[in-house]
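Chain and residue survey
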Amino acid sequence: MRKYCKDICKTYKAYKDEHSSGYYSEGYKRCIECDIFLNWQGMRCPCCDHILRIKPHNNQCKTRLLKQITRL
Ligand SMILES: [Zn+2]
Ligand SMILES: [Zn+2]
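Calculation rules
Residues numbered from 1 in each chain as written. Chains lettered and ligands numbered in written order. Predicted model: local features only at pLDDT ≥ 70, side-chain atom pairs only at ≥ 80, totals over all residues. Heavy atoms only, no water. Phe/Tyr/Trp six-rings, centres within 6.5 Å; stacked < 30°, edge-to-face > 60°. Helix = DSSP H or I, 4+ residues; strand = E, 2+ residues; numbered from the N terminus. Donors = N, O, S within 2.8 Å, 3.2 Å for Na, K, Ca; no water. Tetrahedral: all angles 85-135°; square planar, octahedral: opposite > 155°, others 65-115°.

Re the packing of aromatic side chains
- What the rule picks out here adds up to one aromatic pair.
- For the pair Tyr12 and Trp40, a centre-to-centre distance of 4.7 Å together with 65° between the ring planes defines the contact as edge-to-face. One end of the pair, Tyr12, is in the segment before strand E1 (29-31); the other, Trp40, is in the loop between strand E2 (36-38) and helix H1 (59-71), and 28 residues separate them in sequence.

Structural data, given as structure tokens:
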């Protein structure tokens, strides 16, 4: 359940460009709490105030991120 989400994030929702390789490469950030990609400059979600995920720098980082997600 999205108990922290106040639907403010919908205002900042990022729309993926057909020609781009992904949200992270476009500089968008992901809020795991709201389960949404945001077009937002801040470090924290404007909606639920959780710290946003940014693009992983390398594969090792990506694997760690994946492990974090599966653990949840
Ligand atoms: Zn939200
Ligand atoms: Zn959020």
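Describing the coordination of the zinc ion (ligand 1)
- Protein coordination at the zinc ion (ligand 1): the donors are Cys5 (SG), Cys9 (SG), Cys34 (SG) and Cys47 (SG), at 2.3 to 2.4 Å from the metal.
- With four donor atoms in place around the zinc ion (ligand 1) and angles of 101 to 114° between them, the coordination shape is tetrahedral.
- In the primary sequence, the donor residues of the zinc ion (ligand 1) line up as C-x3-C-x24-C-x12-C.
- Taken as a pair, the zinc ion (ligand 1) and the zinc ion (ligand 2) lie 4.0 Å from each other and share Cys34 as a ligand.

A closer look at the coordination of the zinc ion (ligand 2)
- The coordination sphere of the zinc ion (ligand 2), as far as protein atoms go, consists of Cys31 (SG), Cys34 (SG), Cys45 (SG) and Cys48 (SG), spread over 2.2 to 2.4 Å.
- Around the zinc ion (ligand 2) sit four donor atoms; with metal-centred angles ranging over 95 to 122°, the donor geometry is tetrahedral.
- For the zinc ion (ligand 2), the single-chain donor residues occur in sequence as C-x2-C-x10-C-x2-C.

Focus: unusual backbone geometry
- In the Ramachandran plot, Asp35 falls in the positive-phi region, its phi being about 55° despite a non-glycine side chain.
- Position of Asp35 among the secondary structure elements: in the loop between E1 and E2.
- Positive phi is not limited to glycine here, since Asp49 has a value of about 70°.

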